[in-house]
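An overview of the molecular structure
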Amino acid sequence: MFPPKVRADDRVGASSSDSPVGSSSAEWCLSYGFHLRTVQRWLELLDAETYIDKKNAILKRCWELAELWQAANYSSASVEWYTPARYLEGVRLVLDKIDLDPASSTEANAVVRASKIFTKDDDGLKQAWFGRVFMNPPYGRTEDGKGSLAGAFCRKAIAEYECGNVKACIILVNSLHSQSWQAPLYDYAFCLVDHRIHFISADGQENASPTYQNVFVYLGHDVLKFAKVFARFGYVAKKIADAAPLAGEMLDLPDFLRRAAP
Ligand SMILES: C[S@@+](CC[C@H](N)C(=O)[O-])C[C@H]1O[C@@H](n2cnc3c(N)ncnc32)[C@H](O)[C@@H]1O
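Residues numbered from 1 in each chain as written. Predicted model: local features only at pLDDT ≥ 70, side-chain atom pairs only at ≥ 80, totals over all residues.

**Thoughts on the overall build of the chain**
The condition that has to hold: Helix and strand assignments follow DSSP, with helices taken as H or I runs no shorter than four residues and strands as E runs no shorter than two, numbered in order from the N terminus. Partly exposed residues are those whose C-beta has more than 12 but fewer than 20 other C-beta atoms within 10 Å; with 20 or more the residue is buried, with 12 or fewer it is exposed, and the C-beta atoms are placed from the backbone. Contact criterion: two residues are in contact if their C-beta atoms, reconstructed from the backbone, are within 7 Å.
A count of helical and extended segments in the chain gives eight helices and nine strands. The burial tally for the chain puts 24% of its 262 residues in the buried class. Once local pairs closer than 6 in sequence are excluded, the contacts in the chain between residues at least 24 apart make up 57%.

Here it is as structure tokens:
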């Protein structure tokens, strides 16, 4: 594919003095202003079979992403993704028992095993919450179409916990921490899941290629227990500052960091 005197040596910077003949293919490409990898990609695309395979793979992925985006933002049929049992075991270890799942269905509760559930027909957002709660909210838009449905469920969870109606709550949501509705969640202990959760569809199929990352958030007093149990699922953490400190001002460090400071 390269002229005869160009060596199949793809080390950029492998000068011609390293070898008695010609320049390396990387240098040859660079002499025309292109990186070797770029040229290799073009050459791959010239191969009809590879080109068609790659094009189809890219189209398939685009289609999947468009469907997921549509599902996450608009479709009401998309919300039936259930939490796999192993995470619910973790939830039960921390809460002892799940008194309430405010966003659920009869099928989902066969695994969640909450004493009480609210379904779409009840509208969990309009009910009074209580006790020890596990919540994996539905996505999409609120009824008025103006906000995130998951955001409304998270705000309700925090409000019900802060006023004392809810004793403790573990929230499982997609990790979308650049979205403003997620900001209040990070005032509590959380666990960034270090793998993709394979949620279960309403017909019992595991999602084989999950797209989203997830975070568990703990509203409760036994943060140590949450940390011990959820460390098996990822990185347990607590925010240490609210905003960049003003110049010269000290961060209000938590005790364990202050003790560690020299
Ligand atoms: C992501 S699924 C989670 C189900 C279950 N909590 C779990 O973790 O396996 C969200 C559930 O909320 C239900 N749902 C949708 N809108 C709701 C609403 N306004 N109030 C209560 N539940 C709702 C859906 O039907 C769905 O079963």
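**Some details on the confidence of the model for the chain**
Quick note on the threshold: What pLDDT expresses is the predictor's confidence in each residue, scored from 0 to 100.
Across the chain, the average pLDDT comes to 86, with 84% of residues at or above 70. The model gives residues 16–20 a pLDDT under 50, and that stretch makes three contacts with residues more than four places away or in other chains.

**Remarks on unusual backbone geometry**
Although it is not a glycine, D96 adopts a positive phi angle of roughly 75°. Inspection of the secondary structure assignment puts D96 in the loop between α4 (85–95) and β2 (100–104). In this structure, D123 takes a positive phi of about 60° despite not being glycine. Mapping D123 onto the fold places it in the loop between β3 (116–119) and β4 (131–135). Given 12 C-beta atoms within a 10 Å radius, D123 is considered exposed.

**Quick word on the environment of G124**
Relative to the assigned elements, G124 resides in the loop between β3 and β4. Counting along the chain gives 13 residues from G124 to P137, while the straight-line C-alpha distance between them is 9.7 Å. Dropping the residues within four chain positions of it, G124 is found in contact with P102, A103, F118 and F153.

**So, the packing of α4 against helix α7 (residues 223–230)**
Rule in force here: Where helices are involved, their axes are fitted lines through C-alpha atoms of the stretch in contact, as for all axes, and angles between N-to-C directions lie from 0 to 180°. Any angle that is under 35 degrees is reported as roughly parallel, and any over 145 degrees as roughly antiparallel; angles of 65 to 115 degrees are reported as roughly perpendicular and all others as oblique. Here is the rule for handedness: rotate from the far helix to the near one, and if that takes an anticlockwise turn smaller than a right angle the crossing is left-handed, while a clockwise turn gives right-handed. Side-chain classes are defined by residue name, with Ala, Val, Leu, Ile, Met, Phe, Trp, Tyr, Cys and Pro counting as nonpolar, Asp, Glu, Lys and Arg as charged, and the others, Gly among them, as polar.
Relative orientation of the contacting elements α4 and α7 amounts to 155°, with a least axis distance of 9 Å. One way to sum up the angle between α4 and α7 is to call them roughly antiparallel. As for how α4 packs across α7, the hand of that crossing is right-handed. Touching G90, L93 and V94 of α4 are K225, F226, V229 and F230, all from α7. Residues that form the contact of α4 with α7 fall into these classes: five nonpolar, one polar and one charged.

**Remarks on the site of the ligand**
Here is the rule we go by: Residues are classed as near a molecule or strand if the C-beta position derived from their backbone is within 6 Å of it.
Lining the immediate surroundings of the ligand are 20 residues, of which Y82, T83, G124, N136 and P138 lie closest. When residues of the shell around the ligand are traced back to their parent elements, those giving at least two are β1 (81–82), β2, α5 (106–112) and β3. Per-element tally for the shell around the ligand: the top contributor is β2, with three residues. Of the residues assigned to the shell around the ligand, the class counts are nine nonpolar, six polar and five charged.

**Side note on the pairing of strand β8 (residues 214–219)**
Put simply, the rule reads: Between any two strands, pairing holds if DSSP finds at least two bridges.
Taken across its six residues, β8 has six buried, putting it largely inside the fold. Residues of β8 alternate between two faces, with N214, F216 and Y218 on one and V215, V217 and L219 on the opposite face, all of them buried. The pairing of strand β5 (residues 166–174) with β8 spans six bridges and is antiparallel. Its bridge partner being in β8, I170 is matched across the sheet by Y218. Direction of pairing for strand β6 (residues 189–193) relative to β8: antiparallel, over a ladder of four bridges. Residue pairing for β8: L192 is matched across the bridge by V215.

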